[in-house]
Structures are given as structure tokens and as C-alpha cells.
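Listed below, chain by chain, are the residues.
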Amino acid sequence: MSTFNVPKREEVSADNQAIFDNLQKAVGFVPNLFATYAHSENALANYLTLQNAKTSLKAKEKEVVNLAVSEVNNCIYCLSAHTAIGKMNGFTEEQILELRDGNASFDNKLDALARLAKNLTENRGAADDAVLENFFNAGWTKENLVDTIVLVGDKTISNYLHKTTKVPVDFPVAQPLNAIEA
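Residues numbered from 1 in each chain as written. Predicted model: local features only at pLDDT ≥ 70, side-chain atom pairs only at ≥ 80, totals over all residues. Heavy atoms only, no water.

1. Details of a nonpolar patch on the surface
Here is step 1 of the chain: A cluster of nonpolar residues, Leu 50, Val 146, Val 150 and Ile 157, forms a patch on the protein surface that exposes about 300 Å² of accessible area.
Here is step 2 of the chain: For the nonpolar patch, the element with the most residues is helix H9 (residues 142-165), which contributes three residues.
Here is step 3 of the chain: Inspection of the secondary structure puts Val 150 in helix H9.
Here is step 4 of the chain: A relative accessible area of 44% places Val 150 in the partly exposed class. (Patch = residues over 30% accessible without salt bridge, like charges linked within 9 Å, V, L, I, M, F, W, Y side chains within 5 Å. Areas by Shrake-Rupley, 256 points an atom, 1.4 Å probe, with all protein chains shown as cover. Salt bridge = Lys/Arg side-chain N within 4 Å of Asp/Glu carboxyl O. Helix = DSSP H or I, 4+ residues; strand = E, 2+ residues; numbered from the N terminus. Buried < 20%, exposed > 50% of the residue type's maximum accessible area, 1.4 Å probe, protein only.)

2. Some points on the nonpolar core
Here is step 1 of the chain: The biggest cluster of nonpolar side chains holds 24 residues, and the ones touching the most others in it are Val 64, Val 65, Leu 99, Leu 113 and Trp 140.
Here is step 2 of the chain: Put simply, the parts of the chain that give this core at least two residues each are helix H4 (59-72), helix H6 (93-100), helix H7 (108-122), helix H8 (129-137) and H9.
Here is step 3 of the chain: Looking at this core, the element that brings in the most residues is H7, giving seven residues.
Here is step 4 of the chain: If we skip the residues at most four places from it in the chain, Val 64 touches Phe 91, Leu 99, Leu 110, Leu 113 and Ala 114.
Here is step 5 of the chain: Counting residues in hydrophobic clusters, the runner-up holds 19 residues, among them Ile 19, Phe 20, Tyr 47 and Tyr 77. (Core = buried A, V, L, I, M, F, W, Y, C linked by side-chain atoms within 4.5 Å. Contact = heavy atoms within 4.5 Å.)

3. Focus on the pattern of salt bridges
Here is step 1 of the chain: Within the structure shown, the criterion is met by four salt bridges.
Here is step 2 of the chain: Between Glu 71 and Arg 100 there is a salt bridge, and its shortest N-O distance comes to 2.8 Å. Of the two residues, Glu 71 sits in helix H4 while Arg 100 sits in helix H6, which places them 29 residues apart along the sequence.
Here is step 3 of the chain: Given the relative accessible area of 18%, Glu 71 is considered buried.

4. Structural notes on a negative patch on the surface
Here is step 1 of the chain: Residues Glu 122, Asp 128, Asp 129 and Glu 133 make up a contiguous surface patch of negative charge.
Here is step 2 of the chain: Along the polypeptide, Glu 133 turns up in helix H8. (Lys, Arg positive; Asp, Glu negative; His and termini not counted. Charge placed at Lys NZ, Arg CZ, Asp CG, Glu CD.)

5. Thoughts on the packing of H7 against H8
Here is step 1 of the chain: The interhelical angle for the contact between H7 and H8, taken along N-to-C directions, is 150 degrees, at an axis separation of 9 Å. Relative to H8, the element H7 is oriented roughly antiparallel. The crossing of H7 and H8 is left-handed. Seen from H7, the contacting residues are Ala 112, Leu 113, Arg 115, Leu 116 and Asn 119; seen from H8, they are Val 131, Leu 132, Asn 134 and Phe 135.
Here is step 2 of the chain: Taken together, the residues that form the contact of H7 with H8 break down as six nonpolar, two polar and one charged. (Axes fitted to C-alpha atoms, helices over the stretch in contact; angles between N-to-C directions. Parallel < 35°, antiparallel > 145°, perpendicular 65-115°, else oblique. Left-handed = near helix turned anticlockwise from the far one by under 90°. Nonpolar A, V, L, I, M, F, W, Y, C, P; charged D, E, K, R; others polar.)

Given below as C-alpha cells:
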């Protein structure tokens, strides 16, 4: 089986080197998964454009989706990264565990969002009617629905990249939900 290295700055194109420099300034390091996108001349810039695109979802709401999707897709890298980011956005450890499980007993509107993100991911985009109705009844709009679906796709891309490449996780590693619940 082929293994994937995490490319270093000097191993990537000049355009990707500039992105690495920007990530270093903004984040303090170049996350391994982002570096892995740089195996491609265009994928890192394209992915960051998608990830940073304007959306009707606030940062905290995006983390609800990121956590639910990454749990369904069983992506330890993204679960670890978004657990850290979720904490930076004000979620507690207990709330993050709920969000990973696709619900949020602490907030009705976020609960509907988490349930939709989980349902969309589990059903490959075919949301159950009851879940969709609950989403709209909680106050979300059609714009929010479209933006949520785009975000599910965004996170699925990263989930798939990590699950295929298995590059090292460079965030505090999130524990499996079943280990925590036991």
C-alpha cells in the first residue's frame, strides 16, 4: 500500500508555498491535512476558497455541521480539529460530544441543524422529510439549507482525504464517542 507523506514547504509549488506561509501566519502552523492538499497544484487553494466562502451560517453553526458530518464519516483528523475549533467557538466538551452524535439538547435551533447534518451525511444527501421539516420549524431558511448542504460537501471532502491518506493528526486527538459513552 502506498503511504502519503505530509509535504513540507520546500516540496510544494510556489503557489502552495505562499498558501503555507499564509496559514503559518494565521494559524501558527500548517495543518497536516491542508499540507496534504498541496500534493495537487490546485486542490489546496480550491479547498480553502470553498471553506472560506461566504455563507449564511455563523462560525459556531458551521462547527455544528463539521462535527456531525465528521462523526458520521468517522474521520479522526476532522473530529480532532473541529473539537478544538468548537471549543474556540464557545462549545463545552459535553456540547461537542452531543454535536458529534448529531443533536444539541442545549439549543433547539442547533439541534435541528445537527440532526439535519447527520441525516444528510448518513443518507448521502437525501434528507428525511421529518428532519427537514424540523429544520425549517426551528427557524432555518432555504438559504440556510443550501449553505448547510454545501458545508456537508466541504467537510466530506476533507473527511475522505484524511481517511484515504491517513496523515498524522496534529491536533489533540478526539476520543471515539463509543469510548466516552461506555
